[in-house]
Amino acid sequence: MRKSLIMALASVMILALFLGACGPEAPAPSGNGGGADEPVKGGQIVFGMTGDPVIFNPILSTDVPSGNINSRVYSALVRANANMEPIGDLAESWTVSEDGLVWTFKLKDNVYWHDGTKFTSADVKYTYDAIRHPDYLGIRATDFKPITKVETPDDLTVELYLDAPYAPILSKLVIGIIPKHLFETTEIGKMKENPANMEPIGTGPYKFVTWEKGQYIMLEANENYFGEGPYIDQIIWKFYGDNQVMLAALEKGDIDYMGAIPPDDVARITEALSETHEIRPITQNGYTYIGLKQTDPIFKDKLVRQALMYGTNRKQIVDDVLMGHGEVVNANLPRLSWAYAGDELNPYEYNPEKAKELLDEAGWKLGADGIREKDGNKMDVKLLTSTGNKILEAALLITQQNWKDLGINVTVEYIEWAVLCEQYLDVAKFQSYALAWSLGIDPDFYLFFHSDAAVNEKGQLVGFNDVEFKNDRLDELLELGRTEMDKDTRKEIYVEAQKIVNEELPYVFLYANSSPAVMHKKVQGVTWGYAGPMFPELWWIKDGGN
Amino acid sequence: MLNYIGRRLIQMIPLLIGISILNFAIMHLAPGDPIDLLAERNATAEQKERIKELYGLNDPIHIQYLRWMQHVLKGDFGRSFVDGQPVMKSILERLPYTLYLNFLIMVVIYVVAIPVGIISALKQYSKFDHLMTSMAFLGQAVPSFWIGLILIYFFGLKLDWLPISGIGTIGLNVRTAGFWATVVDRAAHVIMPVTVVAFGSMTGVARYMRSSMLEVIRQDYVRTARAKGLPEKVVILKHAMRNALLPIVTLLGAELPLLFGGMVVIESIFSWPGIGLLSIRAIFQRDYLIVMAINMMGATLMVLGNFLADLLYVVVDPRIKYS
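These numbers come from a predicted model, not from an experiment. Position numbers for residues start from 1 in each chain and track the written sequence from start to end. Just so you know, chain letters begin at A and ligand numbers begin at 1, following the order they were written in. Where totals are concerned, whole chains, interfaces and linings use all residues; where local detail is concerned, this predicted model gives features only for residues with pLDDT of at least 70, and gives and counts side-chain atom pairs only at 80 or more. Side-chain metrics in this entry use all non-hydrogen atoms of the structure; hydrogen atoms and water are not considered.

Trainee: Is there a simple way to think about the overall build of chain B in this case?
Mentor: A run of H or I in DSSP becomes a helix once it reaches four residues, and a run of E becomes a strand once it reaches two; helices and strands are each numbered from the N terminus. When you go through chain B residue by residue, the secondary structure sums to 15 helices and zero strands. In terms of its C-alpha atoms, chain B occupies a principal-axis envelope of roughly 85 × 60 × 40 Å. Residue exposure (1.4 Å probe, protein chains only): buried if accessible area is under 20% of the type maximum, exposed if over 50%, otherwise partly exposed. Buried positions account for 46% of the 323 residues belonging to chain B. The criterion used for residue contact is that any of the two residues' heavy atoms lie within 4.5 Å. For chain B, the share of sequence-separated contacts (at least 6 apart) that also reach a separation of at least 24 residues comes to 73%. Accessible surface for chain B amounts to roughly 16400 Å². Of this, 69% is attributable to carbon and sulfur atoms. All tallies of charge rest on Lys and Arg as positive and Asp and Glu as negative; His and the ends of each chain are not included. Charge placement uses NZ in Lys and CZ in Arg. For Asp and Glu, CG and CD serve respectively. Taken together, the 29 basic and 21 acidic charged side chains of chain B have centroids lying 12 Å from each other. Only the protein chains shown count as cover for residues, and the accessible areas themselves come from Shrake-Rupley with a 1.4 Å probe.

Trainee: Even after reading the chapter, I still don't get the overall build of chain A, so can you show me in this structure?
Mentor: Each helix and strand in chain A was counted, giving 15 helices and 26 strands. Dimensions of chain A, computed from C-alpha atoms along their principal axes, come out at roughly 75 × 55 × 40 Å. Looking at chain A as a whole, 60% of its 546 residues are labelled buried. Taking as baseline every contact in chain A between residues at least 6 positions apart, the subset at least 24 positions apart corresponds to 70%. Surface accessibility of chain A: about 20200 Å² in total, with carbon and sulfur atoms responsible for 48%.

Trainee: Which parts of the structure should I look at to understand the environment of Asp129(B)?
Mentor: By the secondary structure assignment, Asp129(B) is in helix H6 (residues 127-141). Discounting residues that sit within four places of it in the chain, Asp129(B) has contacts with Ser120(B), Lys123(B), Gln124(B) and Arg210(B).

Trainee: What is the right way to look at the interface of chain B and chain A in this model?
Mentor: Interface size is commonly expressed as the accessible surface area that is lost when the partners come together. Contacts between the two partners involve 50 residues from chain B and, on the opposite side, 58 residues from chain A. Each partner contributes to the roughly 4700 Å² buried at the junction of chain B and chain A, and carbon and sulfur atoms together form 58% of this total. When a carboxyl oxygen of Asp or Glu is within 4 Å of a side-chain nitrogen of Lys or Arg, the pair counts as a salt bridge. Across the contact surface, chain B and chain A share seven salt bridges. Here Arg94(B) makes a salt bridge to Asp52(A), at a shortest N to O gap of 3.2 Å. When two parts are put together, the accessible area they lose, computed with a 1.4 Å probe and summed over both, is reported as buried area.

Trainee: Looking at this structure, I do not really get the pairing of strand E19 (residues 409-415) of chain A. What am I missing?
Mentor: Every other side chain in a regular strand lies on the same face of the sheet, so the side chains alternate between the two faces. All names here are of chain A. Any two strands with at least two DSSP-identified bridges between them are counted as paired. With seven bridges connecting them, strand E18 (residues 380-386) and E19 associate as parallel partners. For Leu383, the partnering residue across the bridge sits in E19 and is Val412. Here the term right-handed applies to a crossover when the path leading from its first strand over the helix to its second strand runs clockwise, the strands being oriented away from the viewer. Following the backbone out of E18, through helix H11 (residues 390-406) and into the adjacent parallel E19, one traces a crossover that is right-handed.

Trainee: Quick question: what am I supposed to make of the domain arrangement of chain A here?
Mentor: All names here are of chain A. For the domains described, the bounds stem from an automatic or database domain assignment. Domain parsing of chain A yields domain 1 (5-202 + 515-545) and domain 2 (286-513). Centre-to-centre separation of domain 1 and domain 2, based on C-alpha positions: 31 Å. Taken together, the contact between domain 1 and domain 2 spans 23 residues of the former and 27 residues of the latter. For the pair domain 1 and domain 2, the summed buried area comes to about 2200 Å², and 73% of that belongs to carbon and sulfur atoms. There are one salt bridge connecting domain 1 and domain 2. In this structure, Lys487 engages Glu85 in a salt bridge whose closest nitrogen and oxygen atoms are separated by 2.8 Å. For the side of domain 1 that touches domain 2, the element with the highest residue contribution is helix H1 (residues 2-12), accounting for three residues. When residues are grouped by polarity, Ala, Val, Leu, Ile, Met, Phe, Trp, Tyr, Cys and Pro land in nonpolar, Asp, Glu, Lys and Arg in charged, and all others, Gly among them, in polar. Partitioned by chemical class, the residues of the side of domain 1 that touches domain 2 number 18 nonpolar, four polar and one charged.

Trainee: Would you explain the packing of helix H8 (residues 302-310) of chain A against helix H10 (residues 352-361) of chain A in this entry?
Mentor: Two quantities define a packed helix pair, namely the angle between the axes and the distance from one axis to the other. All names here are of chain A. Convention adopted: a line fitted to C-alpha atoms gives each axis, helices being fitted over their contacting stretch, and angles between N-to-C directions are expressed from 0 to 180 degrees. Running from amino to carboxyl end, H8 crosses H10 at an angle of 165°, the nearest separation of the two axes being 8 Å. Between H8 and H10, the angle falls in the class roughly antiparallel. Helix-helix and strand crossings are classified by hand; for H8 and H10 the assignment is left-handed. Along the contact surface, H8 presents Leu303, Val304, Gln306, Ala307 and Tyr310, while H10 presents Pro352, Lys354, Ala355, Leu358, Leu359 and Glu361. Classifying every residue of the contact of H8 with H10 gives eight nonpolar, one polar and two charged. An angle below 35 degrees is treated as roughly parallel, one above 145 as roughly antiparallel, one from 65 to 115 as roughly perpendicular, and anything else as oblique. Should the near helix be turned counterclockwise from the far one by less than a right angle, the crossing is left-handed, whereas a clockwise turn marks it as right-handed.

Trainee: Before we go on, may I ask you to explain the pattern of salt bridges in this structure?
Mentor: Residues and elements named next belong to chain A. On inspection of all chains with the given rule, the structure shows 47 salt bridges over all chains. The closest approach of N and O atoms between Asp129 and Lys125, which form a salt bridge, is 3.0 Å. Of the two residues, Asp129 and Lys125 both sit in helix H3 (residues 121-132), four residues apart, roughly one turn of that helix. Since its relative accessible area comes to 24%, Asp129 is described here as partly exposed. On the accessibility criterion, Lys125 (29% relative accessible area) is partly exposed. With a shortest N-O distance of 2.6 Å, Glu468 and Lys293 are connected by a salt bridge. Of this pair, Glu468 sits in the loop between helix H13 (446-449) and helix H14 (472-483) while Lys293 sits in the loop between strand E13 (286-292) and H8; the two residues are 175 residues apart in sequence, bridging distant segments of the chain. Accessibility expressed as a relative area gives 25% for Glu468, which makes it partly exposed. Overlapping salt bridges bring together Lys302, Arg305, Glu503 and Glu504 as one network.

Below you can see the structure in the form of structure tokens.
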């Protein structure tokens, strides 16, 4: 339960989620084994999952298990390819007006809901309007804020009107479209009560069959899917409350796929299963960090923040805690992103001497008790984090020791997630905290570090900038990045923005993990992309499962 | 007697109301708010207010309580904040599996523990008694998740005798595989969880039985029975055991609520779709109505169980009379 709870909780923080999406523009599929063979229909694939899904409605769900099911049952206007670029899904094509304010989408014509009803532009309008409704109870409203109006000139055309040019808009449209004819009978404020959330009807490659709570979920191939595939007849997710038990089930052959093998078990599993299974590291689209309140007397000094980056042995965390299955991160965009700045960033290699020099330079002198002080204030740091993440706990133990060696006294407090949110994070009241971000596919990070996404004059947090970072040049770049449509120019903008983040350090950036995923080699035609194994409708089972 | 039963039943009402008020107050006073978990991280205060209003969380706590009570009296426990499903539906989906597992566990505990306790008492300080005493302490001391994982590793994975987890093979049921194949399949799935819990819990009953038996066999009437020349078998089974069982039978009444209790650890390890995982998730997500419903169910059963235990005393012990 603990693990599944963590997933459920961690997912609350997820900005955007689209697993197993994708399509034809992907890089050449690196099949498991004989890639030259022709796909065959038939067979079954069994996934393991920790944690039960919550709700099969893509605009209401926030957890990873629900997202896995929703991405197969529902289709979106666009989806991401293996390189995190948007490609058409329900949309055949799209254009944007000169001024960047009107996006026009042409929809595919041969799309039917699983109950046989024809899919039209009205479904798209219904879905987007539901998200924009004041009574909407999900977490996507911010994503759709730039949209002022959704129009449907005909059954196969959707027009989105924006209040300002907004380059990341496509990345927000990866959210599944829900059927108007089933949902319009309930008020938006009561959408959660609609029975279609429990027996979903989508347009995706797989149809919902059954969900036995706490046991398994079964999907079957949608013979009328509008795209290529699906080839595999049946998909099952089996629920496991414990990772060790799921590993045993994988070894026994009860399940064909397990993501995120715990670091301690990777060596054993690799030895036991490398003959029969494909084992691939999946780099997290996100990172773990320590947020530093920029207005705090200790952290307001850039030299101190840099000293913490130099003085934290992040390589040791990756080597010893993640057992090498991950990497040190130095800024806020993932290696997978097309706008990743990579080598141009300062790597802040572990250098405690340099860290001490920087702290001295910043005026924090070593006191008699081994704790630094300045103007009579001790360098006492309170670091908050959520309970239940063993890897983060181990990483913070190393951090705590490293910082102590620099002369900083760190108290780590573990707080239950609900309380951490209510009393500290949502009201932006803390000195420092450690958590992880899961990211979307667009490099836009306005909500994270733009000064308008911090705390407003009423003291309320309006974005994710709870550390209250403020940098004028970065503000400018983040605004520009949203309005600029040219990808290459946007990349330049975001590379410069990352350099500022890397230099100014709103966070101490820790690591991105890359726990391996394991897939049985009988599954063919798998594309491994940023989200792990992608395009499930194109997978097939060797010999059709016979 | 009827008078007594009626009075006891009426007394339960204020007790349960008191429990429900306490329950409701504790849930709402605890830090953490479902809205903070449901809303976007960057939702504005106005948006949160709106959400609270939609969920009816804006009213003063006593109004919320009265509204909840009003619905409960009509048999409506409300809907989950998280998935929007009726609370009772979510509970009833899982309750049968909890009852099924707990019932089997209780049967195994009593069937094994009673003879063990009797033999331990009759052969006090024998090798058997020492072995059983050691096993009892071991069962208490070793955490169940550890035993569970060890069993899964050996019997599920290495020896491959038993399925690892779940309640049955997916798609295998009476219709597809026939009655006996289904029974065998379900039994194979339930062996390990039952073993783990029974091993950890039978200690109490066995020790209880042992001391009860020890007490009884030193009684005068047992000596008298022996003196009359009755065969030892009759002395033990008819005279001693029947009396020694009295406290055990009443124990059963008190354990009634345990039948409905979820077991988070066991449910996690064996992927058992019981009520424990539902309630722990509801607690962490501050899904008040689910927690309230489960707690009230537990409280009601506890009160009823105690009542039942008192009644059982009358049935098994002619010396006790209520008026």
